[in-house]
Amino acid sequence: MNTKKEYGDFQTPVELARRVVSLVEERIGIPDLVIEPNAGVGAFLLASVQQWDDQVEYEGYEINDSYVAAAQESLKGTTAKVYQRDFFVEDWKRILARPKLNRVLVLGNPPWVTNSDLGQLGSGNLPEKSNHLGLKGMDARTGKSNFDIAEWMLVRLIEALPEHGAIAMLCKTMTARRVLRHFWKAGSGREGSELFRIDAKSEFDVAVDACLFVTTGKQTQTCTAKVFSDLDTTSESARFGFINGGLVSDIDAYRKREKLDSGSSVYTWRSGIKHDAAKLMEFTRNGDQLINGFGESVDIEEDYVFPLLKSSDIGNGKNTIRKAVLVTQQHTGDKTSGIAHRAPKTWQYLMRHAEALDQRKSSIYKNRPRFSIFGVGPYSFSQWKVAISGLYKKMSFVLVPPSNERPVMVDDTCYFVPCRSQAEAKLLLHLLSSEASAEFFQSLVFPDSKRPMTIDLLRRLSFVELARELGRLEELQALTKERTDHGQVERQLQLVM
Ligand SMILES: C[S@@+](CC[C@H](N)C(=O)[O-])C[C@H]1O[C@@H](n2cnc3c(N)ncnc32)[C@H](O)[C@@H]1O
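Computed from a predicted structure; not experimentally measured.

Enquirer: Can you tell me about the overall build of the chain, naming the residues and giving the values?
Expert: If you tally the helices and strands in the chain, you get 22 helices and 22 strands. With the C-alpha coordinates aligned to their principal axes, the bounding extent of the chain is approximately 80 × 55 × 35 Å. When the 497 residues of the chain are sorted by exposure, 40% land in the buried category. Long-range pairs, those at least 24 residues apart, make up 71% of the contacts in the chain between residues at least 6 apart in sequence.

Set out below in structure tokens:
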């Protein structure tokens, strides 16, 4: 067992703890009580005692008994107490609510580990109910429920924090944002929320974006937080917040493009095909031959085989087709048994590899027809698409035309808008590639997100407002009117107009 990893164990250098403590004093003044919930060897307790001496009371909690002993040793002769405790079984409301010690400061550095890392390590160092974000169905199953243990702990601590209390903890910037979002979404912001960036590489030798997250127990309607580029109050760089139902990374930049944030779009962004069996379902072409990921030449009918663009093909703004994919359904949930009659060689191929396909891990394949895929619908077969990869930081939208009159599929790490014609696809590409669109998306995404483009983000953009801004509204209107069998788009557009 990798214990350091399991306990997210990165002990804070005392020098960093000292800088944090003096910054905290500058921000919120001298507390009555300092509590370190994951005290480790006690760096923050030590730094606080050195700063505030016996003006303040000190308590540390830590699961690892050798760390408890080390902390007790280094704090010998001070009033600080360190207890061996498991965070997950403590009653934090009771611990933090001290009538006589009103200004409680929760200080420290909670574990740097995610619930899925712990799952892989077979570790039990987890809260009992770990889906604290309340995700349901697909989101919970497809990994949106992956979170830092620190996130869970911070949410519990803030919930338990009395009004005059404050929290100052080191964590990933993403964790701090997710914690704030959790409260903002419920309409209960916290006053004085601030993120001071730290250099995690030089302090902890980890390549993540991290910060000192400071917030108080006082609730407010305002859902914004300030960002500072280092542990210095003069380094304020931006404000982020929760506006119109979503996170905004730069409020000032967002205000400039706010009109484009429609919440609903006349076009529907879709994800590409998901099958979790690239070696069997994807092929390269060698002349007329299809070659699967095992290097086998595969002799199947072309009926269910479509050209495929993967994220790596479109991520850098290109769209060179290198692959083909077996698309077994037209809608999620369609019966697949009909393939046996319509394309017997394809069916035989699937049956030959049935064991591997049946063992696909994701629970989305459970209780579905054999050889099912996901992310498929009539939209997958649209001849023209405008697509973007969700795996790249750079935002490049590409036109995806048909290839030899076959619609081109994209993989499940890409998003696309299905289009009815070349003209429509070209117009949407023009709109999406504009400066206005780039500024809008930039104001929403966070510089440290590895994969900033998500379908939720794309869905916020209003094509109508963007077309209006760029003087192409009439054209868009005319094109969508042509969509005889896409009545829904037509109606939405009328409504928006
Ligand atoms: C990132 S380290 C920080 C230690 C210390 N606060 C510091 O800043 O140096 C996280 C600490 O959390 C402790 N920890 C992990 N899981 C815990 C749990 N369930 N309850 C209490 N402490 C825990 C680890 O043993 C480790 O010492």
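Enquirer: Break down the site of the ligand for me, with residues and values.
Expert: Around the ligand, 25 residues are found, and the nearest of them are Thr12, Asn38, Gly40, Phe87 and Asn109. Of the residues that constitute the shell around the ligand, the class distribution is 12 nonpolar, nine polar and four charged.

Enquirer: Give a description of the pairing of strand β14 (residues 282-286) that names residues and reports values.
Expert: Here β14 runs beside strand β18 (residues 323-326); their pairing, made up of two bridges, is antiparallel. Its bridge partner being in β18, Phe283 is matched across the sheet by Ala324. Where β14 lies against strand β15 (residues 289-292), four bridges are found, and the strand directions are antiparallel. Across the sheet, residue Thr284 finds its bridge partner in β15, namely Ile291. Hairpin connection of β14 to β15: two residues between the antiparallel strands, including Gly287 at a positive phi of 65°.

Enquirer: Explain the sheet that holds strand β19 (residues 384-389) residue by residue, including any values.
Expert: Taken in spatial order, the four strands of this open sheet run β13-β22-β19-β20, and their pairing is antiparallel. What marks the edges here is a single partner per strand, and that holds for β13 (270-271) and β20 (398-400). Here β19 pairs with β20 via three bridges, running antiparallel. Following the sheet pairing, Val386 is matched in β20 by Leu399.

Enquirer: A description of the sheet that holds β15 should follow, citing residues and the corresponding values.
Expert: What the six strands build is an open sheet, ordered β16-β15-β14-β18-β17-β21; its pairing is mixed. Two strands in the sheet have a free side with no partner beyond their single neighbour: β16 (297-298) and β21 (409-410). Examined bridge by bridge, strand β17 (residues 305-309) and β18 share four bridges and lie antiparallel to one another. Looking at β18, one finds that Phe306 is bridged to Val325.

Enquirer: Tell me what's going on with the domain arrangement of the chain, and back it up with residues and numbers.
Expert: Taken domain by domain, the chain holds domain 1 (3-243) and domain 2 (270-496). If you average the C-alpha positions of domain 1 and of domain 2, the two centres end up 41 Å apart. Tallying the contact residues gives five residues for domain 1 and four residues for domain 2. The class makeup of the residues in the side of domain 1 that touches domain 2 is one nonpolar, one polar and three charged.

Enquirer: Describe the environment of Arg177, listing the residues and the values that go with them.
Expert: By secondary structure assignment, the location of Arg177 is in helix α9 (residues 173-185). Its 25 C-beta neighbours within 10 Å are what place Arg177 among the buried residues. Separated by 18 residues in the primary sequence, Arg177 and Leu195 place their C-alpha atoms 9.0 Å from one another. Non-local contacts of Arg177, meaning those with residues more than four positions away in its chain, are made with Leu247 and Phe446.

Enquirer: Please provide a residue-by-residue account of the nonpolar core, values included.
Expert: Ranked by internal contacts, the top residues of the largest apolar core, which has 133 residues, are Leu45, Ala168, Val386, Ala387, Leu428 and Phe463. If one sorts the elements of this core by residue count, helix α8 (residues 149-160) sits on top with seven residues.

Enquirer: How would you summarise the packing of helix α17 (residues 422-432) against helix α21 (residues 473-481) if you had to cite specific residues and measurements?
Expert: Two elements in contact, α17 and α21, have axes whose closest approach is 10 Å; the angle formed by their N-to-C orientations is 145°. The element α17 and its partner α21 pack so that their crossing is left-handed. Across the interface between the two elements, Ala423, Glu424 and Leu427 from α17 touch Glu475, Leu476 and Leu479 from α21. Per-class residue counts for the contact of α17 with α21 are four nonpolar, no polar and two charged.

Enquirer: So what's going on with the environment of Ser262? Residues and values would help.
Expert: One can find Ser262 in the loop between α11 (251-257) and β13. In this structure, Ser262 is in contact with Arg460, Ser462 and Glu465, ignoring residues within four places of it in sequence.

Enquirer: Go over unusual backbone geometry, please, and point to the residues and values.
Expert: Residues other than glycine seldom take positive phi values, yet Phe371 does so here, at roughly 70°. Take Phe371: it is sitting in the loop between α16 (354-358) and β19. Even without glycine at this site, Asn404 takes up a positive phi of about 50°. Assignment of secondary structure puts Asn404 in the loop between β20 and β21. Here Asn404 falls in the exposed class, since 8 other C-beta atoms lie within 10 Å of it.

Enquirer: Talk me through α9; I want residue IDs and the actual numbers.
Expert: Given a rise of 1.5 Å per residue, 13 residues ought to cover 18 Å, and the 18 Å separating the end C-alpha atoms of α9 matches this to within 8%. Listing the buried residues of α9 in full gives Thr173, Thr175, Ala176, Arg177, Val179, Leu180 and Trp184.

Enquirer: Account for the packing of α8 against α9, with residues named and values stated.
Expert: Two elements in contact, α8 and α9, have axes separated by 9 Å at closest approach and are oriented at 45°. By the angle class used here, α8 and α9 are oblique. Between α8 and α9 lies a crossing of right-handed hand. Contacts between α8 and α9 pair Ala150, Glu151, Leu154, Val155 and Ile158 from the former with Thr175, Arg178, Val179, His182 and Phe183 from the latter. Looking at the contact of α8 with α9 residue by residue, the class counts come to six nonpolar, two polar and two charged.

Enquirer: Go over the environment of Ser437 with me, naming the residues and quoting the values.
Expert: Along the chain, Ser437 falls in helix α18 (residues 435-444). Excluding residues that lie within four positions of it along the chain, Ser437 makes contacts with Leu431, Leu432, Leu461 and Leu466.

Rules of the game
Residues numbered from 1 in each chain as written. Predicted model: local features only at pLDDT ≥ 70, side-chain atom pairs only at ≥ 80, totals over all residues. Helix = DSSP H or I, 4+ residues; strand = E, 2+ residues; numbered from the N terminus. Buried ≥ 20, exposed ≤ 12 C-beta atoms within 10 Å, placed from the backbone. Contact = placed C-beta atoms within 7 Å. Near = placed C-beta within 6 Å. Nonpolar A, V, L, I, M, F, W, Y, C, P; charged D, E, K, R; others polar. Pairing = 2+ DSSP bridges. Domains from an automatic or database assignment. Core = buried A, V, L, I, M, F, W, Y, C linked by C-beta atoms within 7 Å. Axes fitted to C-alpha atoms, helices over the stretch in contact; angles between N-to-C directions. Left-handed = near helix turned anticlockwise from the far one by under 90°. Expected span 1.5 Å × (residues − 1). Parallel < 35°, antiparallel > 145°, perpendicular 65-115°, else oblique.

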